[in-house]
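Letter by letter, the chains look like this.
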Amino acid sequence: MIKRPRKYSALNILMNFHAFPDEVQDKYCLVECTVPVGAGAPPNHHAGETEAFYILEGEVGFMIDGQERLARAGDYVAVPDGAVHAFQAVGDAPARVLVLNAPGHMHVDFFTGIGTALPDDHTELPTPTAPDLAAVLAKAKDVGMTVLAPN
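Residues numbered from 1 in each chain as written. Predicted model: local features only at pLDDT ≥ 70, side-chain atom pairs only at ≥ 80, totals over all residues. Heavy atoms only, no water.

Participant: Go over the overall build of the protein chain with me, naming the residues and quoting the values.
Facilitator: When helices and strands are tallied, the protein chain shows 2 helices and 12 strands. Its helices and strands taken in sequence order, the protein chain reads β-β-β-β-β-β-β-β-β-β-α-β-α-β from the N to the C terminus. Rg of the C-alpha trace for the protein chain: 14 Å, near the compact-globule value of 15 Å for 151 residues, within the 12% margin. Projected onto its principal axes, the C-alpha positions of the protein chain cover 45 × 30 × 30 Å. Buried residues in the protein chain amount to 41% of all 151 residues. Put simply, of all contacts in the protein chain between residues at least 6 apart along the chain, 69% involve residues at least 24 apart. Here the protein chain holds 10 positive side-chain charges and 19 negative ones, and the gap between their average locations is 4 Å. (Helix = DSSP H or I, 4+ residues; strand = E, 2+ residues; numbered from the N terminus. Rg over C-alpha atoms; globule rule 2.2 N^0.38 Å. Buried < 20%, exposed > 50% of the residue type's maximum accessible area, 1.4 Å probe, protein only. Contact = heavy atoms within 4.5 Å. Lys, Arg positive; Asp, Glu negative; His and termini not counted. Charge placed at Lys NZ, Arg CZ, Asp CG, Glu CD.)

Participant: Give a detailed account of the pattern of salt bridges, specifying residues and quantitative values.
Facilitator: Counted according to the given criterion, the structure contains 7 salt bridges. For R96, the salt bridge identified is with E32, shortest N-O distance 2.9 Å. Here R96 is found in strand β10 (residues 95–102), whereas its partner E32 is found in strand β3 (residues 29–35), with 64 residues between them in sequence. Overall, R96 belongs to the partly exposed group, its relative accessible area being 25%. A cluster of three or more residues bridged by salt bridges with shared partners is formed by R4, R6, D22 and E23. (Salt bridge = Lys/Arg side-chain N within 4 Å of Asp/Glu carboxyl O.)

Participant: For the sheet that holds strand β12 (residues 146–147), give the residues involved together with the corresponding values.
Facilitator: The sheet built from 5 strands is open, its strands ordered β7-β6-β9-β4-β12 with antiparallel pairing. The sheet is open, and its two borders are formed by β7 (67–72) and β12, each paired with just one other strand. (Pairing = 2+ DSSP bridges.)

Participant: Report on the environment of G91, specifying residues and quantitative values.
Facilitator: Positionally, G91 belongs in the loop between β9 (85–90) and β10. Looking at G91, the relative accessible area reads 36%, which means it is partly exposed.

Participant: So what's going on with the nonpolar core? Which residues, and what values?
Facilitator: Counting residues in hydrophobic clusters, the biggest one holds 36 residues, and the most contacted among them are M15, F17, F53, F62 and F87. In contact with F87, not counting residues within four places along its chain, are I13, V35, A39, G40, A41, F53, V60, G61 and F62. (Core = buried A, V, L, I, M, F, W, Y, C linked by side-chain atoms within 4.5 Å.)

Participant: Report on the state of the cysteines, specifying residues and quantitative values.
Facilitator: A complete count under the given rule lists 0 disulfides for this structure. In this structure C29 is not part of a disulfide, and its nearest cysteine sulfur, from C33, lies 8.8 Å away. Assessed through its relative accessible area of 4%, C33 is described here as buried. (Disulfide = S-S within 2.5 Å.)

Participant: Mind laying out the sheet that holds strand β8 (residues 76–79), listing which residues take part and the relevant values?
Facilitator: Strand order in the open sheet formed by 7 strands is β8-β5-β10-β3-β2-β1-β11, and the pairing between neighbours is antiparallel. A strand with exactly one partner marks an edge of an open sheet, and here the two such strands are β8 and β11 (116–118). Here the strands of the sheet are splayed against their neighbours by 25° on average, with no regard to which way each runs. Summarising the sheet, strand β1 (residues 7–10) and β11 pair through 3 bridges and their orientation is antiparallel. Note that in β11 the partner of S9 across the bridge is T116. Contacting β1, β2 (13–19), β3, β5 (50–57), β10 and β11, helix α1 (residues 105–114) runs over the sheet at an angle of about 140° to β2. (Axes fitted to C-alpha atoms, helices over the stretch in contact; angles between N-to-C directions.)

So yeah, pure geometry; function would need other evidence.
What follows is the structure in structure tokens.
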């Protein structure tokens, strides 16, 4: 069996996949993200893929269906199926977040598709770079996700 990468750099976020859907009877994806201040996910939505966040460290600003919320360590944030949502790390230090997607295939395909695989022992945050917006939008469309491009 070929070992696949578990760590990725995507949208300037260091992602560590703890569980891929095919490892848990196609039920969910569990990923730990280290999110630098100012990084996050742009407004997006996806039907058929439930998403929830648990903040381990730091502060994260969320927008869910037009409502803004600041979440801190210990907070749980659920995103209703199909809701337009975005998040961004705020404050003085990177945030660490557990993200649960169910069933998770869409998110795995999206983030591993736009991301760069890293060695399992990699712990440093990625060097910030501007994302290739055309590639992000194309991959989102390919997996059934809608990313709302900035104005």
